[in-house]
Amino acid sequence: QSSSIISHPNLAMAQSNEGVDMFLFFDEWSRCIGSKYQKDRLYRYGKFEGCSNQWKDIRIAMNAKIGKTPAEAEALLQTTYYRKTVGSDLSNSPTAGVIWELKEKPGWD
């Protein structure tokens, strides 16, 4: 064989690339481990962020991506730290209504 990649019908991903957005979770993790974020955490709270919640989200997303139906994948994604905090719903933000007002309809729509 000339190809080093072997195709096997039973090894196909259950989800399409649109089913689970892995880049979102890697972006959140890389933002968390970034020097600017860590410097801000050190300044505000006197300690660094371990980013374990973001790492767990990557693991959950990988499990959702591999071998799950779209409904099962979505149920798994609902358990992520990202979905439970600011990420998917701006009304979850601790500053919504305190520092800024949440609009009914965002200006970019």
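Residue positions are counted from 1 within each chain, in the order its sequence is given. For this predicted model, a pLDDT threshold of at least 70 governs which residues receive local features, and a threshold of 80 or more governs which side-chain atom pairs are given and counted, while totals over whole chains, interfaces and linings are taken from all residues. Processing note: side-chain calculations cover all non-hydrogen atoms of the structure and skip hydrogens and water entirely.

Looking now at the confidence of the model for the protein chain. The predictor's confidence in any single residue is recorded as pLDDT, a number from 0 to 100. Summing up the model confidence of the protein chain, the mean pLDDT is 78 and the portion of residues at 70 or higher is 62%. Only runs of H or I of at least four residues qualify as helices and only runs of E of at least two qualify as strands under DSSP, and these elements are numbered from the N terminus. Within the protein chain, the lowest mean pLDDT, 87, falls on helix α5 (residues 81-84), and the highest, 93, falls on helix α3 (residues 52-65). When checking whether two residues touch, look at their non-hydrogen atoms; a contact exists if any pair is within 4.5 Å. Contacts from residues 1-8, a stretch scored under 50 in pLDDT, to residues over four places away or in other chains number one contact.

Here helix α1 (residues 22-33) crosses α3 at 165 degrees, and the two axes come no closer than 9 Å. As the angle between them shows, α1 and α3 are arranged roughly antiparallel. At the point where α1 passes α3, the crossing takes the left-handed sense. Residue-level contacts link M22, F25, F26, E28, W29, R31 and C32 of α1 to Q54, W55, D57, I58, A61, M62 and K65 of α3. In this description, a line fitted to the C-alpha atoms serves as the axis of each element, helices being fitted only across the stretch in contact, and the angle between N-to-C directions of two axes falls anywhere from 0 to 180 degrees. An angle below 35 degrees is read as roughly parallel, one above 145 as roughly antiparallel, one from 65 to 115 as roughly perpendicular, and any other as oblique. Each crossing gets its hand from how the near helix is turned against the far one by less than a right angle, where anticlockwise is left-handed and clockwise is right-handed.

A separate point is α3. Helix span, expected: 1.5 Å multiplied by one less than the number of residues in the helix. The first and last C-alpha atoms of α3 sit 20 Å apart over 14 residues, in line with the 20 Å expected at 1.5 Å per residue. Think of it in three bands: residues with accessible area under 20% of the maximum for their type are buried, residues over 50% are exposed, and the middle band is partly exposed, with areas taken using a 1.4 Å probe on protein chains only. Listing the buried residues of α3 in full gives Q54, D57, I58, I60, A61, A64 and K65. An end-on view of α3 places all buried positions within 165 degrees of arc, on one side of the element. Taken together, the buried residues of α3 touch α1, α4 (70-77) and α5. Within this analysis, the arc is defined by the directions that extend from the helix axis to the C-beta atoms.

Right, let's talk about the packing of α1 against helix α2 (residues 35-45) for a bit. With their axes 5 Å apart at the nearest point, α1 and α2 run at an angle of 55 degrees to one another. The orientation of α1 with respect to α2, classified from their angle, is oblique. Residues R31, C32 and I33 of α1 pack against S35, Y37 and Q38 of α2. Class assignment of the residues belonging to the contact of α1 with α2 gives a composition of three nonpolar, two polar and one charged. Amino acid classes used here: Ala, Val, Leu, Ile, Met, Phe, Trp, Tyr, Cys and Pro are nonpolar; Asp, Glu, Lys and Arg are charged; the rest, including Gly, are polar.

On to the state of the cysteines, then. Cysteine sulfurs are considered disulfide-paired once they come within 2.5 Å of each other. As enumerated under the stated definition, the model contains one disulfide in all. A disulfide bridge connects C32 with C51, and the sulfur atoms are separated by 2.0 Å. Disulfide C32 to C51: torsion about the S-S bond roughly -90 degrees, handedness left-handed. Here the residue C32 occupies a position in helix α1, and C51 occupies one in the loop between α2 and α3, the gap between them amounting to 19 residues. Judged on exposure class, the residue C32 and its partner C51 are both buried.

Turning to the pattern of salt bridges, a few remarks are in order. Pairing between side chains becomes possible if they bear opposite charge and their charged atoms approach one another. For this analysis, a salt bridge means a side-chain nitrogen from Lys or Arg found within 4 Å of a carboxyl oxygen belonging to Asp or Glu. Under the counting rule described, the total for this entry stands at four salt bridges. One salt bridge connects E28 with R31, and the closest N-O pair in it is separated by 3.1 Å. Linking E28 with R31, this pair stays in helix α1, spanning three residues, or about one helical turn. For R31, a relative accessible area of 35% corresponds to the partly exposed category. Of the charged contacts, one joins R83 and E74 as a salt bridge, the two residues approaching to 2.6 Å between their closest N and O atoms. Given a relative accessible area of 23%, R83 falls into the partly exposed group. Taking relative accessible area as the criterion, E74 reaches 34% and is therefore assigned partly exposed.

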